[in-house]
Amino acid sequence: MNGPLRLQPLNTATFSNYCEIGEQAYREHYLHLWPEKDPSPYLKSSFTTAVLKNEVSDPATFHFIIRNKQEGIGIAKLVRNKGFKEFPDTNSILLEKIYLLQRFTGKGCGTQVLEQLETYAKGLGMRYIWLATMKKGEALKFYQKLGYSIRGEQILPFENARPEEKGMYILAKEVFTAVP
């Protein structure tokens, strides 16, 4: 990694780059979730121009290409005013996607990106940032090390995914403390 990473907001000119990076990163990390290692149900719901056109029309949704200088090394997606249980919609933001290309994992990139996303959420006036992560794998430990705590459970919402891999935890972190 050379220098600080940056979050480039998605625009129509970068749709294909976002889709390519997102699909590659997803394939590098999550093929084990799918029978015959075919993640097409998820990819079709996340990484097509039609999906992105619809999502960017929502002012509460924020997509980013994660860049190391000019190179795209990952993607992220936040959804504002999306709550979970004890976190009200009005001051919570969902980190729906954060995928880094395999060669950039374990090098501090994830930590740097999460810090930037948390700062972004705080700038929007959000008190909590939350996400869902697989129960199995290294991601859970990574998020916990950065101050995220388990707040619930859910199941991966794709019926085609392997049943034994569907378990997920809901994690959350307070990024902005309200003044009493």
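All values reported here derive from a predicted model rather than from experimental measurement.

*Asks:* Help me out: how do you make sense of the overall build of the chain in this one?
*Replies:* Along the chain, the regular secondary structure elements total five helices and seven strands. Listing the helices and strands of the chain from first to last along the sequence gives β-α-α-α-β-β-β-α-β-α-β-β. For 180 residues, the compact-globule estimate of 2.2 N^0.38 gives 16 Å, and the C-alpha radius of gyration of the chain, at 16 Å, lies within 12% of that figure. Judged by the C-alpha coordinates and their principal axes, the chain covers about 50 × 40 × 35 Å. Put simply, the chain has 180 residues, and 47% of those count as buried. Intrachain contacts of the chain at a sequence separation of at least 6 include 65% that bridge at least 24 residues. As displayed, the chain has an accessible area near 9300 Å², and 51% of this comes from carbon and sulfur atoms. The average position of the 24 basic charges and that of the 19 acidic charges among the side chains of the chain differ by 4 Å.

*Asks:* Honestly, the side chain of Thr 133 in this entry has me stumped. Any pointers?
*Replies:* Positionally, Thr 133 belongs in strand β5 (residues 128-134). Judged by relative accessible area, which is 5%, Thr 133 ranks as buried. Once residues lying within four places of it in the same chain are set aside, the contact partners of Thr 133 are Ala 139, Leu 140, Tyr 143, Gly 167, Met 168, Tyr 169 and Leu 171.

*Asks:* Could you clarify how one ought to interpret the sheet that holds strand β3 (residues 71-80) in this entry?
*Replies:* Pairing in this open sheet of seven strands is mixed, and the strands run β1-β2-β3-β4-β5-β7-β6 from one edge to the other. Across the chains shown, the open sheet's two edge strands, defined by having one partner strand only, are β1 (5-9) and β6 (149-155). Strand-to-strand twist across the sheet, computed as the mean angle between neighbouring axes with direction ignored, equals 30°. On top of the sheet, helix α1 (residues 15-30) reaches β2 (61-68), β3, β4 (92-100) and β5; it is set at about 95° to β3, its chief contact.

*Asks:* Just checking my understanding: could you explain helix α4 (residues 109-123) for this structure?
*Replies:* Count 3.6 residues to each turn of an α-helix, and residues three or four apart come out pointing the same way. Taking 1.5 Å per residue as the helical rise, α4 with its 15 residues ought to reach 21 Å, and the 21 Å between its terminal C-alpha atoms agrees with that figure. Listed as buried for α4 are Cys 109, Gly 110, Gln 112, Val 113, Leu 114, Leu 117, Glu 118 and Ala 121. Gly 125 occupies a position one or two residues after α4 and carries a positive phi of about 85°.

*Asks:* Sorry if this is basic, but what is going on with the layout of surface pockets here?
*Replies:* To find the voids left in a structure, one rolls a probe of water-molecule size over its atoms. Quantified by volume, the largest pocket comes out at close to 1200 Å³. Surrounding the largest pocket, 43 residues form its lining, Tyr 30, Ile 98, Tyr 99, Thr 133 and Tyr 143 being those nearest its centre. Listed by contribution, the elements that provide at least two residues to the lining of the largest pocket are α1, α2 (40-46), β4, α4, β5 and α5 (139-145). Examining the composition of the lining of the largest pocket, we find that seven residues originate from one element, β4, more than from any other.

*Asks:* Explain the pattern of salt bridges here, please?
*Replies:* Opposite charge on two side chains permits them to pair, given that their charged atoms come into close proximity. What the rule picks out here adds up to eleven salt bridges. Here Lys 77 and Glu 55 are joined by a salt bridge, their closest N and O atoms 2.8 Å apart. Taken together, the residues Lys 77 in strand β3 and Glu 55 in helix α3 (residues 49-56) connect sequence positions 22 residues apart. The exposure classification of Lys 77 matches that of Glu 55, with both residues buried. Close ionic contact of Glu 165 with Lys 136 constitutes a salt bridge, the shortest N to O distance being 3.8 Å. With Glu 165 in the loop between β6 and β7 (167-174) and Lys 136 in the loop between β5 and α5, this residue pair connects regions lying 29 residues apart in the sequence. Glu 165 gets classed as buried once you look at its relative accessible area, which sits at 14%.

*Asks:* What's the story with the side chain of Arg 67 in this structure? I'm lost.
*Replies:* As for its position among the elements, Arg 67 is in strand β2. Notably, Arg 67 is buried but unbridged: the nearest opposite-charge side chain belongs to Glu 71, and the N-O separation is 8.5 Å. A distance of 2.9 Å separates the side chain of Arg 67 from the backbone oxygen of Gln 70, its partner in a polar contact. In contact with Arg 67, not counting residues within four places along its chain, are Pro 4, Leu 5, Arg 6, Gln 8, Asn 17 and Gly 72.

What counts and how
Residues numbered from 1 in each chain as written. Predicted model: local features only at pLDDT ≥ 70, side-chain atom pairs only at ≥ 80, totals over all residues. Heavy atoms only, no water. Helix = DSSP H or I, 4+ residues; strand = E, 2+ residues; numbered from the N terminus. Rg over C-alpha atoms; globule rule 2.2 N^0.38 Å. Buried < 20%, exposed > 50% of the residue type's maximum accessible area, 1.4 Å probe, protein only. Contact = heavy atoms within 4.5 Å. Areas by Shrake-Rupley, 256 points an atom, 1.4 Å probe, with all protein chains shown as cover. Lys, Arg positive; Asp, Glu negative; His and termini not counted. Charge placed at Lys NZ, Arg CZ, Asp CG, Glu CD. Pairing = 2+ DSSP bridges. Axes fitted to C-alpha atoms, helices over the stretch in contact; angles between N-to-C directions. Expected span 1.5 Å × (residues − 1). 1 Å grid on protein atoms, 1.4 Å probe; cavity = no way out; pocket = protein on both sides within 12 Å on 5 of 7 lines; lining within 4 Å. Points joined across faces, edges and corners; volume = space filled by probe spheres on them. Salt bridge = Lys/Arg side-chain N within 4 Å of Asp/Glu carboxyl O. Polar contact = N/O pair within 3.5 Å; in protein donor to acceptor, adjacent residues only side chain to side chain.

In short, shape yes, function no, at least from these values alone.
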